[in-house]
Amino acid sequence: MVLRRAPIIVAVATAALLATGASVVPTLAATAVATHETPTAARPAVAPADAEPAPAPEAATPVEANGQLSVCGVRLCNEQGKQIQLRGMSTHGTQWYSQCVDDASLDTLAYDWNADVMRISTYVQEDGYETDPARFTALVNQYIDMLTERGLYAIVDWHMLDPGDPNFNLERAKTFFTAIAERNNGRNNIIYEVANEPNGVSWQTIKGYHEQIVPVVRAKDPDAVILLGTRAWSSLGVSDGASEAEVVNNPVNASNVMYTFHFYAASHDQEYLDTLSRAADQIPMFITEFGTQDYAGEGANDFAMAQRYLDLAAQKKISWVNWNFSDDHRSGAVFTEGTCGSGSYGTDRLKEAGTWIRDRIRTADDF
């Protein structure tokens, strides 16, 4: 089990040292405290025989513990070949809620919530990427840097939604993923989600898009895991009356890829859960978006149904990301309105769904 690295406040117990006759060690420099490093010039004092045991070394961050991820069989594995499950949060659309992703909120996510991953939700339409490609590309890179500093994985989410045919944005996607992958190809914590929720088109059409965009990423970042959207709002086709069979029987011609599944517990019942369960035994699955409310992220929380999904995900090592890390007025946003940008993201600022999901992310990982 791996717990999380958190910021450390260093204190020197001078009185105790003087009582034993030991020399007092100089306090750490401010820069050392900020970076969790011990200055090379400082040497530990000799502890008295009855001193408290030294604290355990800081636990590894998720990326330090797991390194470059890959798909092994139908599971996500770390660089040691161990099957793992990532758990974390998705941003809301960065064109609306960029103020919710700052140093204070990401410190909270990494060091209090103990998350492994954040999904960077870059809408293409709806005042998103298409309005200013350079700005939104730079914003993704900024968030990748911030997540990397905290040892978290970053999912780069191409949040195409309306229109539902991913081919409508194919050239934009090629430009975007070329830029992101070229700039970040030396990193081992980037995961690419190349089509958020394809809808209104066949699996064959979606598959054709994936088989054009995967090589674009691979040309710049050959080792990264790539996440592929499925039919009918990434429901494996269930919301269109289909099933996982269309993907299982006609998978994308690419390696080191996983297929995405989205659910909202108050709207998506046993049929969806059963579909995910069957699919996860046959193809690599990753839940890149879910909520405890209805499909719009609104209304009452169905925590019981949501827990059934998470129990299945734990059993089958399906990684998941919850929607969403913002202070939107909807019940699906984890923070109360007015939280973002305030500098305070404590438990007193959480909505009911926020408290629930924080508790489930915080449990120790089996890395």
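Look up a bit, the structure's there.
So, a few notes on the structure that sits alongside this text. Think of each chain on its own: its residues are numbered from 1, step by step along the sequence as written. In keeping with the model being predicted, local features are shown solely for residues with a pLDDT of at least 70 and side-chain atom pairs are shown and tallied solely at 80 or more, while totals for entire chains, interfaces and linings include all residues. To obtain the side-chain values, all non-hydrogen atoms of the structure were included, while hydrogens and water were left out.

**A few points about the sheet that holds strand β6 (residues 190–193)**
As a reminder, the rule being used: Two strands qualify as a pair provided that DSSP identifies no fewer than 2 bridges between them. Under the DSSP-based scheme used, a helix requires at least four consecutive residues in state H or I and a strand at least two consecutive residues in state E, with every element numbered from the N terminus. Axes here mean lines fitted to C-alpha atoms, for a helix over just the part in contact, with angles spanning 0 to 180 degrees between N-to-C directions. By definition, residues are in contact when any of their heavy atoms lie within 4.5 Å.
Spatially, β3-β4-β5-β6-β7-β8-β9-β10 is the arrangement adopted by the eight strands of the closed barrel, whose pairing is parallel. Geometrically, the sheet is characterised by an average inter-axis angle of 25° between neighbouring strands, direction not taken into account. Those strands touched by helix α8 (residues 203–220) are β5 (153–159), β6, β7 (226–228) and β8 (257–264), and its axis lies near 165° from that of β7. Together, β3 (87–90), β9 (285–291) and β10 (319–323) form the strand contacts of helix α13 (residues 352–362), whose direction differs from that of β3 by roughly 145°.

**Considerations on the state of the cysteines**
This is how it is decided: Our working definition of a disulfide is a cysteine sulfur pair at a distance within 2.5 Å. Only protein chains enter the accessibility calculation, which uses a 1.4 Å probe; a residue whose area is less than 20% of its type maximum is buried, one above 50% is exposed, and one in between is partly exposed.
In this structure the tally under the stated criterion is two disulfides. With a sulfur-sulfur separation of 1.6 Å, C72 is cross-linked through a disulfide to C77. One quick way to see it: the torsion about the S-S bond of C72 and C77 is about 45°, and its sign makes the bridge right-handed. Residue classification places C77 among the buried residues on the basis of a relative accessible area of 1%. Residue pairing for C100: its cysteine sulfur links by disulfide to C340, the two sulfurs lying 2.0 Å apart.

**Points about the packing of helix α11 (residues 270–280) against helix α12 (residues 303–315)**
What counts here: Angular relationships are summarised with four words: roughly parallel below 35 degrees, roughly antiparallel beyond 145, roughly perpendicular across 65 to 115, and oblique for the angles in between.
Where α11 meets α12, the axes come as close as 11 Å, and the angle between the chain directions of the two elements is 5°. Here α11 is positioned roughly parallel relative to α12, judged by the angle of their axes. On the side of α11, the interface is formed by Q270, Y272, L273, L276 and S277, while α12 contributes M305, R308, Y309 and L312.

**Some remarks on the packing of aromatic side chains**
Using the following cut-off: When two rings of Phe, Tyr or Trp (its six-membered ring) have centres within 6.5 Å they constitute a pair, described as stacked for plane angles under 30 degrees, edge-to-face for angles over 60, and tilted for the intermediate range.
Overall, the coordinates contain 16 aromatic pairs when judged by the stated rule. Between the aromatic rings of F177 and Y192, the centroid separation amounts to 6.2 Å while the plane-to-plane angle is 70°, which identifies the pairing as edge-to-face. Pair noted here: F177 is in helix α7 (residues 170–184) and Y192 is in strand β6, with a separation of 15 residues, a long-range link. A single burial state applies to F177 and to Y192, both of which are buried. Seen in terms of ring centroids, F263 and F290 are 4.8 Å apart; in terms of plane orientation they differ by 15°. Their pairing is stacked.

**Digging into the pattern of salt bridges**
Put simply, the rule reads: Each reported salt bridge corresponds to a side-chain nitrogen of Lys or Arg within 4 Å of a carboxyl oxygen of Asp or Glu.
In total, this model carries 24 salt bridges according to the counting rule given. For R362, the salt bridge is made with D112, and the minimal N-O distance between the two is 3.2 Å. Of this pair, R362 sits in helix α13 while D112 sits in helix α5 (residues 103–112), and the two are 250 residues apart along the sequence. Under the relative-accessibility criterion, R362 is labelled partly exposed at 34%. Here D112 falls in the partly exposed class, since its relative accessible area comes to 25%. Its salt-bridge partner being R330, residue E298 comes within 3.9 Å of it at the nearest N-O pair. Here E298, found in the loop between β9 and α12, pairs with R330, found in the loop between β10 and α13; they are 32 residues apart in sequence, far enough to count as distant. A single network of salt bridges, built from pairs that share partners, joins D103, D107, E149 and R150.

**Observations regarding the pairing of β9**
Heads up, the condition is: Here the term right-handed applies to a crossover when the path leading from its first strand over the helix to its second strand runs clockwise, the strands being oriented away from the viewer.
In terms of burial, β9 is a largely internal element, seven of the seven residues being buried. For the segment spanning β8, α11 and β9, crossover handedness is right-handed. As paired strands, β9 and β10 are joined by two bridges and run parallel to one another. Each bridged residue has a counterpart across the sheet, and for I287 the counterpart in β10 is W320. Between β9 and its parallel partner β10, the chain crosses via α12, and the hand of that crossover is right-handed.

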